[in-house]
Amino acid sequence: MPEGVGYGPQFTASTGLSLNYIGKHALAYSGLVNVNNTETNLLDFKTGKGYIKAKVQFNGIHGSNDDFTYKIYFNGIVVQSYLVAEPSDRAKADIPLYIIIPPLTHVQCSAQNTEGSGAQSQCVALTGRVYK
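Note that the coordinates shown come from a computational prediction; the quantities given were computed from them, not determined experimentally. (Residues numbered from 1 in each chain as written. Predicted model: local features only at pLDDT ≥ 70, side-chain atom pairs only at ≥ 80, totals over all residues. Heavy atoms only, no water.)

Caption draft 1: Representation of the sheet that holds strand β7 (residues 77-84) within the structure. Taken together, four strands build an open sheet; the order of strands is β4-β9-β6-β7 and the sheet is antiparallel. Edge positions in the sheet fall to β4 (40-46) and β7, since each of these pairs with one other strand and no more. Each strand axis lies, on average, 10 degrees off the axis of its neighbour in the sheet, ignoring direction. Summarising the sheet, β4 and strand β9 (residues 106-113) pair through six bridges and their orientation is antiparallel. Within β9, the position partnered with Lys46 by the bridge is His106. (Pairing = 2+ DSSP bridges. Helix = DSSP H or I, 4+ residues; strand = E, 2+ residues; numbered from the N terminus. Axes fitted to C-alpha atoms, helices over the stretch in contact; angles between N-to-C directions.)

Caption draft 2: Structural detail: the nonpolar core. Within the largest apolar cluster, 27 residues are counted, with the highest numbers of intra-cluster contacts made by Val56, Phe58 and Leu126. For this core, the elements supplying multiple residues, two or more each, are β2 (25-29), β4, β5 (51-59), β6 (68-74), β7, β8 (97-101), β9 and β10 (120-131). (Core = buried A, V, L, I, M, F, W, Y, C linked by side-chain atoms within 4.5 Å. Buried < 20%, exposed > 50% of the residue type's maximum accessible area, 1.4 Å probe, protein only.)

Caption draft 3: Molecular detail of the packing of aromatic side chains. Summed over the entire model, instances satisfying the criterion amount to five aromatic pairs. Seen from their ring centres, Phe58 and Tyr82 are 6.3 Å apart, and the 75 degrees between their planes marks the pair as edge-to-face. In this pair, Phe58 is assigned in strand β5 and Tyr82 in strand β7, connecting sequence segments 24 residues apart. Classification of Phe58 by relative accessible area gives buried; the value is 1%. For Tyr82, a relative accessible area of 12% translates into the label buried. The ring of Tyr131 has Arg129 sitting right over it, with the charged end atom 4.5 Å from the ring centre. (Phe/Tyr/Trp six-rings, centres within 6.5 Å; stacked < 30°, edge-to-face > 60°. Lys NZ or Arg CZ within 6 Å of the ring centre and 35° of its normal.)

Caption draft 4: The arrangement of the environment of Pro102 in detail. Tracing the sequence through the fold places Pro102 in the loop between β8 and β9. Residue Pro102 is classed as partly exposed on the basis of its relative accessible area, which comes to 34%. Taking the C-alpha atoms as reference points, Pro102 and Gly50, separated by 52 residues in sequence, lie 7.3 Å from one another. When near neighbours in sequence (up to four residues on either side) are disregarded, Pro102 contacts Thr47, Gly50, Tyr51 and Phe74. (Contact = heavy atoms within 4.5 Å.)

Caption draft 5: A look at the pairing of β10. For β2 and β10, the ladder comprises five bridges, and the chain directions are antiparallel. Bridge pairing in β10 places Ala26 opposite Gly128. Across three bridges, the pairing between strand β3 (residues 33-35) and β10 is antiparallel. Note that in β10 the partner of Asn34 across the bridge is Ser121. As judged from the nine bridges shared by β5 and β10, these two strands associate in the antiparallel manner.

As structure tokens, then:
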């Protein structure tokens, strides 16, 4: 979503792949996405002219013993990746990642079920402050 464009349809809460701006803040909520053993984008957007000091939090492992790998890409390059193994690493899924997103950057956040092939609901939330 281009800089300066309002938040969501009719300024209501929205989910999906895109980044939304509200004043000096940016946010993106994927909503629940079924993820199987294929890497699946939860967020996919390009930032505006300002840089973003952001918090990213993946979540959504519901009662499964599957392992999930989460990745953050900047311009096609992995800048952060971690594995949440069940049940020993469950607490890792709740730990937010703090990142600086440079201006004009293509950002992707993905999840993949690396333990099984069944689909499990996953989500990611990105919130941050935009600086120019």
